[in-house]
Amino acid sequence: MSLIRRSGGRGLGPGRRGAARGAVAVAAALLVTGGMSGGAWAAEKPVPAADDFDGDGYADLVVGAPGATVSGKERAGYVAVTYGSADGADPSRKKLISRSTAGVPGSAAAGQQFGKSFSKGDLDGDGYGDLVIGSADGASGAVILWGSPEGLTGGTAVDGLGNAPQTGDFDGDGKTDLALFGDAEVGGDDPVKQDAHLFKGPVSRAGEPAGLLDFMDKSEWWGYGSDGAACAEDDSCISGPRSVSGPITPKAVGDLNGDSRDDIVTWEYEGDGVWGTHTLMGGTAGFTRGASIGAFGSSGGEAATDVGDVNGDGYDDVVVGSSDDSAQVTVAYGSSSGTSGDRVQEFDQSLPGFYGAQEKGDRVGSCVAVADVTGDGRAEVALGISGEDFSGLTDAGSVALLRGTGKGVSGEGSQVLHQNTPGVPGVAEKGDKFGAACSLLDTDGDGTRDLAVTSAAENSSAGAVWTFRGTSDGVTTKNAAAFGPADLQAPTAKARFGTFVR
């Protein structure tokens, strides 16, 4: 039985749901389909062009399935796009994209995990959002799909730079730029050289940028002399015009210091087995290094991260979820000087008003999404709690929506949802890890952000996504929906559909 369903439920508190979940069938091959819009729906309020691939006024939802078998290649991976509508993300209007899709450059390869990361942005400045898809294998490069009235079309390769591509106006000229990263491995106690290119927007559909900028400001180059001599591009120069000291995995983009230039929050190797969250501050001459936002041991794992203006002061703030070494969520507040160590909030489920009890292994912040749902000018914070136990179910998982206030994140008025909440499709099971990934997008075009949350472990790691409509009071389970890869006629077995969503 298909997982897809909509609910008329109202409850937002804990509870049980008696309906059993049917098994999701396994698709034999990846079917390639495209969504049509052409103005078929008229949204009440516009959404950012970056989120709207077909220009119909509804944000479009992108879900990664990096574990899927495509063309007989295990863990080759694919991406599913469900176009927005007056009813939210519509699984009947979708496009499936893999390296076996006609028009997409390259070919499916075992272990490539195409769709493990992706980013949205209007790269060519035509008013339609474009999609840049990366892979776990960064050396296989990135692929750009281009927005149009018919939805995403074509495919342009960016060779060798497929590690978590990021879009944003990094130089402040009003055009979308593209930051690209290659692979880098820890080779010892110290950081190593990692390829990193900064494409100045606009980027043509042939993949040609308006210019190729220095990735780092020259003041940041390792080996750049006080006499102004350029650093030689060899192994002795770790950070130069087309490289950075790494390994770095970019996590989120936003303007942390209010200078109208986007900044990148990264997960970065610091040396001696230590990793931490850092910032790269955008500028006309390349990035400069900003503040560190906490460090974790090498066993800590990557922490989910997103950016938004939580306290409504005009500066984006960084929200970092917990890692294996840290049970707390960290919020680093932006200012005219960016983030700093003296403007940090840390909390867990003991935050007053936050429903639930803090327990070891809960993984509060297994996913993080930051955006203004209620329309009060302050961003809410969606947090996955993928290790949450309840009703005797270990790691069933839940998701929380916390309010942004002038004083920061508040637990008062928070909402917590899981698969046993009345109105939520499905039923909770041990090991679902509901809350693996999440996003906040206005998929129904009503001016409020809607919540999408995933369980990549659902149905023996086939994976699934749930959507909840946003309101001025938060999110609601009324008309909540859920769908998995079989509902999209996509490869199902161990697809890990929902590993990443945006």
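Below or above, wherever it landed, is the structure these notes cover.

Reading the values: the criteria
- Sequence order as written defines the numbering, with residues in each chain counted from 1.
- Selection of residues for local features in this predicted model requires a pLDDT of at least 70, selection of side-chain atom pairs for listing and counting requires 80 or more, and totals for whole chains, interfaces and linings are taken over all residues.
- Note that the side-chain values use all heavy atoms of the structure and ignore hydrogens as well as water.
- In this description a helix means any DSSP run of H or I spanning at least four residues, a strand means any run of E spanning at least two, and both kinds are numbered starting from the N terminus.
- Salt bridge, as used here: a side-chain nitrogen of Lys or Arg that lies within 4 Å of a carboxyl oxygen of Asp or Glu.
- Any residue under 20% of the maximum accessible area for its type is buried, any over 50% is exposed, and the rest in between are partly exposed; the area is computed with a 1.4 Å probe on protein chains only.
- In summary, the pairing rule links any two rings of Phe, Tyr or Trp, Trp by its six-membered ring, whose centres are within 6.5 Å, and it sorts them by plane angle into stacked for under 30 degrees, edge-to-face for over 60 and tilted for everything else.
- For two strands to be treated as a pair, DSSP must find at least two bridges joining them.
- Throughout, an axis means a line fitted to C-alpha atoms (over the contacting stretch in the case of helices), and angles, computed between N-to-C directions, take values from 0 to 180 degrees.
- As used in this record, nonpolar core signifies buried Ala, Val, Leu, Ile, Met, Phe, Trp, Tyr and Cys residues forming a set joined through side-chain atoms within 4.5 Å.
- Any two residues having at least one pair of non-hydrogen atoms within 4.5 Å are treated as being in contact.
- For the purpose of charge, His is not counted, nor are the chain termini; Lys and Arg are scored as positive and Asp and Glu as negative.
- Throughout this description, a polar contact denotes any pair of N or O atoms lying within 3.5 Å of each other; where both atoms belong to protein, one of them has to be capable of donating a hydrogen while the other can accept it, and for residues adjacent in sequence the pair is counted only when both atoms sit in side chains.

Observations concerning unusual backbone geometry
Okay, step 1: Put simply, G201 and P202 share a cis peptide bond, and its omega is 5°.
Okay, step 2: Tracing the chain through its elements places P202 in strand 11 (residues 192–203).
Okay, step 3: A cis amide bond, omega 5°, links G246 with the succeeding residue P247.
Okay, step 4: Mapped onto the elements of the fold, P247 is located in the loop between strand 13 (243–246) and strand 14 (248–254).
Okay, step 5: For R75, which is not a glycine, the phi torsion comes out positive at approximately 55°.

Some thoughts on the pattern of salt bridges
Okay, step 1: Counted according to the given criterion, the structure contains eleven salt bridges.
Okay, step 2: The shortest N-O distance in the salt bridge between D214 and R242 comes to 3.4 Å. Taken together, the positions of D214 in the loop between strand 12 (209–213) and strand 13 and R242 in the loop between strand 12 and strand 13 put the pair 28 residues apart, joining distant regions of the chain.
Okay, step 3: Residue R242 is classed as partly exposed on the basis of its relative accessible area, which comes to 22%.
Okay, step 4: In the salt-bridge network here, residues are joined through shared partners; they are D124, D126 and R205.

Regarding the packing of aromatic side chains
Okay, step 1: For the coordinates displayed, the defined rule picks out eight aromatic pairs.
Okay, step 2: Note on F118 and F500: the rings are 4.6 Å apart at their centroids and 50° apart in plane angle, and the pair reads as tilted. Taken as a pair, F118 in strand 5 (residues 117–121) and F500 in strand 30 (residues 500–501) lie far apart in primary sequence, 382 residues in all.
Okay, step 3: What makes F500 partly exposed here is its relative accessible area of 21%.
Okay, step 4: Among the aromatic side chains, those forming a connected cluster through ring pairs are F170, F181, F215 and F287.

Some remarks on the sheet that holds strand 21 (residues 344–347)
Sheet strands line up and pair through hydrogen bonds in the backbone, either parallel or antiparallel.
Okay, step 1: The sheet built from four strands is open, its strands ordered 18-19-20-21 with antiparallel pairing. Here the strands that pair on one side only, and so sit at the sheet edges, are strand 18 (305–308) and strand 21. The mean inter-strand angle of the sheet, taken between neighbouring strand axes irrespective of direction, is 15°.
Okay, step 2: Note that strand 20 (residues 329–332) and strand 21 share four bridges and pair antiparallel. In the sheet register, T330 faces strand 21, and the bridge partner there is E346.

Comments concerning the nonpolar core
Note that soluble globular proteins tend to have their nonpolar side chains buried in a common cluster.
Okay, step 1: L61, Y78, L488 and F497 are the most contacted members of the largest nonpolar core, which has 22 residues in total.
Okay, step 2: At the level of secondary structure, the elements contributing two or more residues to this core comprise strand 2 (61–65) and strand 3 (78–82).
Okay, step 3: With three residues, strand 2 is the single largest residue contributor to this core.
Okay, step 4: Those residues within four positions of L488 in sequence are excluded, and the remaining contacts are A80, T82, P91, K94, L96, F483 and F497.

Some words on the sheet that holds strand 4 (residues 94–98)
Okay, step 1: Here four strands make up an open sheet; going across it, the order is 4-3-2-30 and the pairing antiparallel. Each edge of the open sheet is held by one strand with a lone partner, namely strand 4 and strand 30.

Quick word on the side chain of D442
Okay, step 1: For D442, the location among the structural elements is in the loop between strand 26 (438–441) and strand 27 (450–455).
Okay, step 2: Of the buried charged residues, D442 lacks a salt bridge, with R449 as the closest side chain of opposite charge at 6.4 Å.
Okay, step 3: One polar contact links the side chain of D442 to the main-chain amide nitrogen of G445, over a distance of 2.9 Å.
Okay, step 4: At 2.9 Å, the side chain of D442 forms a polar contact with the backbone nitrogen of G447.
Okay, step 5: Those residues in contact with D442 that sit more than four places away from it in its chain are V47, Y58, A59, G447, T448, R449 and D450.

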